[in-house]
Amino acid sequence: AAIADEWVPIRPGTDCALLLAMINLLINELVLYDHEFLRKLSNGPYLVRDSDGRYVRDAATGKPLLWDETDGRPKAYDDATLARPAMEGRFDVNGERCQPAFAKLKMHLADYSPERVEEITTVPAATIRRLAREFGTAASIGATVDIDGHTLPLRPACAHWYKGISQHAQGFEQGLSIAMLNTVIGAIDVPGGLLSDTVY
């Protein structure tokens, strides 16, 4: 906090609520998220059954299914003919109602309004809104950079966490929420984003 440009005090252990409010704003209100990253490199398009919340799977292979908007039918996630996986909508597959995981996430996030989260975290709703807008804008979604002859996505925004957040109850879930914040803007393993520090 001493070297930060801004310190936003928060009730200890409530980071997850703040993050979910920011993600809610980015997706449901500001529409500042990397749609194509989520479509191609996340489980956002995986179909989830309404009945039990589990993935819809191919009966023969057990592979998760996605809905191909181009062909209007379900296909396995690794099907070479899969052209455009749906991120929203409701579908019937093998007699079961289902929808993409991203659509379910959007509905879940709607419960985390900045006003509700202010009561949980003590961070003012106006500050939550500003932080979400600043983070999403700084991500420069759609921007690219050329490095050594390769054109790569450029996402100069990233949230990081270390020991502090991990020392609270539900620290693992709070870490996952931070990872989700980076994921929705496409800031995973790209310049400017969260890069793995594992040496292979």
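Shown above is the structure to which this text applies.
Attention here is on the structure that accompanies the text. (Residues numbered from 1 in each chain as written. Predicted model: local features only at pLDDT ≥ 70, side-chain atom pairs only at ≥ 80, totals over all residues. Heavy atoms only, no water.)

### Here's the deal with the sheet that holds strand 1 (residues 47-49)
Judged by pairing direction, the sheet is antiparallel, and its 3 strands sit side by side in the order 1-5-4 without closing on themselves. Of all strands in the sheet, those with a lone pairing partner are strand 1 and strand 4 (91-93), marking the two edges. Averaged over all adjacent pairs, the angle separating strand axes in this sheet is 50°, with direction ignored. Here strand 4 runs beside strand 5 (residues 96-100); their pairing, made up of 3 bridges, is antiparallel. Within the sheet, the bridge partner assigned to Phe91 lies in strand 5 and is Cys98. Against the sheet, helix 3 (residues 101-109) contacts strand 1 and strand 5, and its axis sits at roughly 75° relative to strand 5. (Pairing = 2+ DSSP bridges. Helix = DSSP H or I, 4+ residues; strand = E, 2+ residues; numbered from the N terminus. Axes fitted to C-alpha atoms, helices over the stretch in contact; angles between N-to-C directions. Contact = heavy atoms within 4.5 Å.)

### Quick notes on the pairing of strand 3 (residues 73-76)
Two faces belong to every sheet, and in a regular strand the side chains alternate between them. Of the pairings in the sheet, the one linking strand 2 (residues 65-68) to strand 3 comprises 4 bridges and is antiparallel in character. Its bridge partner lying in strand 3, Leu66 is registered against Lys75. Once strand 2 ends, the chain turns through 4 residues before running back antiparallel as strand 3, passing Gly72 with a positive phi of about 65°.

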